[in-house]
Amino acid sequence: MEWGFSTRAQCRVATIARHISPALCSAPNPFMMGTQAIVDGGIQIRADVRDALERGFPVVALESTIISHGMPYPQNFETAKEVESIVRDSGAVPATIAILDGAPCIGLEEAELKKLAQLGKKAIKTSRRDIAHVIAKQATGATTVSATMFFAAKVGISVFVTGGIGGVHRDGEITMDVSSDLTELGRTAVTVVCAGVKSILDIPRTLEFLETQGVTVIGYGTDEFPAFFTPRSGCKAPTRVNTAEECAAITVANMNMGLQSGILVGVPIPAHYAAAAEPVEIAIQTSLKEIKDKNITGAAVTPFVLNRVNELTGGASLSANIALIKNNARVGSEIAIATAALVEGS
């Protein structure tokens, strides 16, 4: 399909200009030297991303915490490049989002991806609450789901691909440990494509919280909301779609109604990867039993579980994680392309 420049696309340019705050510092960013980025009031948009947004072409936002905190170097760097390639090969434009030396960046060059991957956990894990702090300190921050959604919406990107989202933690009704990903989904109109939430979280309460926030939750080709490493959570997905076009129609309807809430698309792990990931799910269930036996509670639960899963699977969880992200990138790109086509034709 040819993507022509339309009146609707021109409106998109106006939206970008309206939402980007001129108050942000627009000083040159050393992290960005030698790139093709275009600077708008301190938010730096890579040239091809800016061009795609102006023309109404499909763009897919990608988070950066999964690079810095989700896996070790060099697997994180290779995975980041491969995911971006999947998006490009599918016909969309990838836009990895991060804050580099205090500058919010929409779309990273390969050298910047590598720097971020090498920084690893030295980069600040940045959710919505941390954005102002990281910018003010001119620090480098890897954006979580909530921060990535915020910046994506700010520049007019409607589809965002990630591995999984945070949720309500077990005993969350006591600890109030609820991921900011969920509240962001309740107030930011971006379609988030993921593999669901890990079973270390309280999936039923997570879905209840999302309902309270007014978030449209979709099972992609499934009636059951996926649980990251397994396609089965035991929880029914409120809505089911079978094609990218159906999902795009919901995304556009959400835009047109001005609902100002997000859409969560749960994509089950492919069957051939689900079999490989089965030991991971078994390890999760084993570790959950151990925390009860050892009376581990509160903030100590998640670090204990993640460490035990890694030990019990001998690194299998990393391979499954990478497979999930790549699959989500393919599906998310198809949704972005179908959404752009609907917007262009309206």
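Heads up: the structure comes first, above all this text.
Residues numbered from 1 in each chain as written. Predicted model: local features only at pLDDT ≥ 70, side-chain atom pairs only at ≥ 80, totals over all residues. Heavy atoms only, no water.

Quick look at helix α10 (residues 203-212)
Here is step 1 of the chain: If you check which residues of α10 are buried, you get I203, T206, L207 and L210. Relative to the axis of α10, the buried residues are bounded by an arc of 95° and lie together on one face. Turned more than 90 degrees off the buried face of α10, the exposed positions are E211 and T212.
Here is step 2 of the chain: Phi for G214, located one or two positions after α10, is positive at around 75°. (Buried < 20%, exposed > 50% of the residue type's maximum accessible area, 1.4 Å probe, protein only. Helix = DSSP H or I, 4+ residues; strand = E, 2+ residues; numbered from the N terminus. Arc of directions from axis to C-beta.)

Re the pattern of salt bridges
Here is step 1 of the chain: Counted according to the given criterion, the structure contains 15 salt bridges.
Here is step 2 of the chain: With a closest N to O distance of 3.7 Å, R187 and E184 form a salt bridge. Taken as a pair, R187 and E184 lie in helix α9 (residues 180-187) at a separation of three residues, close to a single helical turn.
Here is step 3 of the chain: Residue classification places E184 among the buried residues on the basis of a relative accessible area of 0%.
Here is step 4 of the chain: Residue R205 pairs with D202 through a salt bridge whose shortest N-O separation is 2.8 Å.
Here is step 5 of the chain: Looking at R205, the relative accessible area reads 40%, which means it is partly exposed.
Here is step 6 of the chain: Among the residues examined, D202 registers a relative accessible area of 13% and is labelled buried. (Salt bridge = Lys/Arg side-chain N within 4 Å of Asp/Glu carboxyl O.)

Observations regarding unusual backbone geometry
Here is step 1 of the chain: Residue P74 is reached from Y73 by a cis peptide bond, and omega for that bond is 5°.
Here is step 2 of the chain: If you trace the backbone, P74 turns up in the loop between α3 (65-68) and α4 (75-90).
Here is step 3 of the chain: With a phi close to 50°, D101 is a non-glycine residue in the positive phi region.
Here is step 4 of the chain: Note on placement: D101 falls in the loop between β4 (93-100) and β5 (103-106).
Here is step 5 of the chain: The exposure class of D101 is partly exposed, given its relative accessible area of 31%.
Here is step 6 of the chain: With a phi close to 50°, Q138 is a non-glycine residue in the positive phi region.

Notes on the pairing of β5
Here is step 1 of the chain: Residues of β5 alternate between two faces, with A103 and C105 on one and P104 and I106 on the opposite face, all of them buried.
Here is step 2 of the chain: In the sheet, β4 pairs with β5 via four bridges, with the strands oriented antiparallel. Considered in β5, the bridge of L100 is made with A103.
Here is step 3 of the chain: The turn linking β4 back onto β5 is made up of two residues, and D101 within it adopts a positive phi angle of 50°. (Pairing = 2+ DSSP bridges.)

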